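Letter by letter, the chains look like this.
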Amino acid sequence: MLRVGLTGGTGAGKSSVARRLTELGAVVVDADALAREVLAPGSEGLAAVVAEFGPEVLDGDGGLDRAALARVVFADADRRAALERITHPRIAALTAQQVAAAPADAVVVHDVPLLVEKRMGAGYHLVVVVHAPAAERVRRLVTHRGMTAEDAWSRVRAQASDDERRAAADVWLDNSGTPADLAAAVDDLWRARLVPYEENVRLGRPAPGWVDGGTGQRPDPGAGARVAARVAHAVRAVLPDAEVRVDAAAPLTVVVRGGVAAGSPDDAALAAALRAAGFPPVAEGVHASADPGLPARVLLARLPGAPAYR
């Protein structure tokens with residue numbers, strides 16, 4: 001199973017990408033849809049929101065007045081955090097249920113608006129960011145969702161910046177063109193990267209070209225940090241104090257230092273964690289990226305005095 005994080009600023013076109021990926025065969029888990037479910041009329045989640053924010057956030061039928069709630073939380077970070085404490089655990093539980101029901105060979109796409117803001121990227125094999133200029137996003141929100149310009153700008157400014165999203169993005173989908181342009185870009189991403197990446201992860205094999213960097217092109221400046229974060233996320237479940245650092249940029253190399261003896265049960269658990277994260281073993285102490293779009297390798301080193309790999 002391949003886990004893909006899909007995000008983008010409000011109005012950027014993330015939903016269009018999610019729809020196209022669904023058509024291509026992905027299993028899309030929509031965080032916004034789950035958020036609506038956990039705050040449905042009569043739900044425990046809605047009762048908790050009313051207790052926190054008052055009956056002013058309800059509409060005339062007793063359901064959630066989303067516009068009223070949005071005006072409160074998008075203007076106040078503390079109030080937004082209070083809402084997230086209510087919704088996020090419930091959304092996470094529903095997400096886990098949907099992922100567990102997906103086929104073993106699925107490309108599971110998590111459509112998560114706040115993926116960058118919550119620093120969730122390390123938990124995915126790949127992060128896809130959909131982008132459109134801020135002014136264009138505001139125009140879409142006003143034109144298609146009936147927001148006032150003031151409310152639209154408030155939402156845009158409350159979210160991550162373009163620079164923050166670029167740093168988190170393994171794939172940057174520009175949606176400043178036509179719908180056909182965006183659909184073509186998604187189709188290319190599916191065919192050239194997502195499908196082979198899923199197969200590589202499932203079969204535990206590296207992508208071609210991991211040793212020499214494939215085409216010889218250097219990765220983007222943020223690639224090392226993203227790979228290191230994914231590796232750290234995987235290995236620290238086994239080695240909580242492991243040191244993970246980028247050792248070289250071309251080919252991209254990440255070094256893990258820890259005190260696990262080669263051939264020990266913890267060493268096997270570490271190898272399994274790296275394989276599940278998209279870095280299958282290729283030699284003793286060496287793992288390689290299964291991502292056809294980013295050749296990289298992970299070297300398992302040892303702290304001074306710890307048993308070394310032969």
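Data block above holds the structure.
This structure is a prediction, so every number in the text was calculated from the model and none was measured.

Colleague: Help me understand the nonpolar core, please; the structure alone is not making it clear to me.
Modeller: In this structure, V231, V235, V244, V256 and L274 are the most contacted members of the largest nonpolar core, which totals 24 residues. Looking at this core, the elements that each hand over two or more residues are helix 10 (223-235), strand 7 (252-258), helix 11 (265-276) and strand 10 (296-302). Element by element, the count of residues in this core is highest for helix 10, at 7 residues. Beyond its immediate chain neighbours, meaning those up to four positions away, L274 contacts V231, V235, F279, P280, H287, V298 and L300. In terms of nonpolar packing, the next biggest core, distinct from the first, is built from 23 residues, L6, V17, A18 and L126 among them.

Colleague: How should I be thinking about the pairing of strand 3 (residues 107-111) in this particular structure?
Modeller: Each regular strand carries side chains that alternate between the two faces of the sheet. Among the 5 residues in strand 3, 5 count as buried, and that is most of the element. Alternating residues of strand 3 divide into V107, V109 and D111 and V108 and H110, and every residue in both groups is buried. Examined bridge by bridge, strand 1 (residues 2-8) and strand 3 share 5 bridges and lie parallel to one another. The partner of R3 across the bridge, within strand 3, is V108. Across 4 bridges, strand 2 (residues 27-30) lies against strand 3 in parallel orientation. By the bridge assignment for strand 3, V28 is matched with V109.

Colleague: Would you mind going over the pattern of salt bridges with me for this structure?
Modeller: Oppositely charged side chains are able to pair whenever their charged atoms sit close together. Enumeration according to the criterion identifies 17 salt bridges in this entry. One salt bridge in this structure joins E136 and R139, with 2.7 Å as the shortest N-O distance. Of this pair, E136 and R139 both sit in helix 6 (residues 134-145), 3 residues apart, roughly one helical turn. Accessibility expressed as a relative area gives 23% for E136, which makes it partly exposed. The salt bridge involving E243 is made with R245; its shortest N-O contact spans 3.3 Å. Relative accessible area serves as the criterion here: at 35%, E243 is assigned to the partly exposed category. Among the residues examined, R245 registers a relative accessible area of 28% and is labelled partly exposed. A single network of salt bridges, built from pairs that share partners, joins R20, E23 and D187.

What counts and how
- Residues numbered from 1 in each chain as written.
- Predicted model: local features only at pLDDT ≥ 70, side-chain atom pairs only at ≥ 80, totals over all residues.
- Heavy atoms only, no water.
- Core = buried A, V, L, I, M, F, W, Y, C linked by side-chain atoms within 4.5 Å.
- Buried < 20%, exposed > 50% of the residue type's maximum accessible area, 1.4 Å probe, protein only.
- Helix = DSSP H or I, 4+ residues; strand = E, 2+ residues; numbered from the N terminus.
- Contact = heavy atoms within 4.5 Å.
- Pairing = 2+ DSSP bridges.
- Salt bridge = Lys/Arg side-chain N within 4 Å of Asp/Glu carboxyl O.

Purely geometric numbers; function is a separate question.
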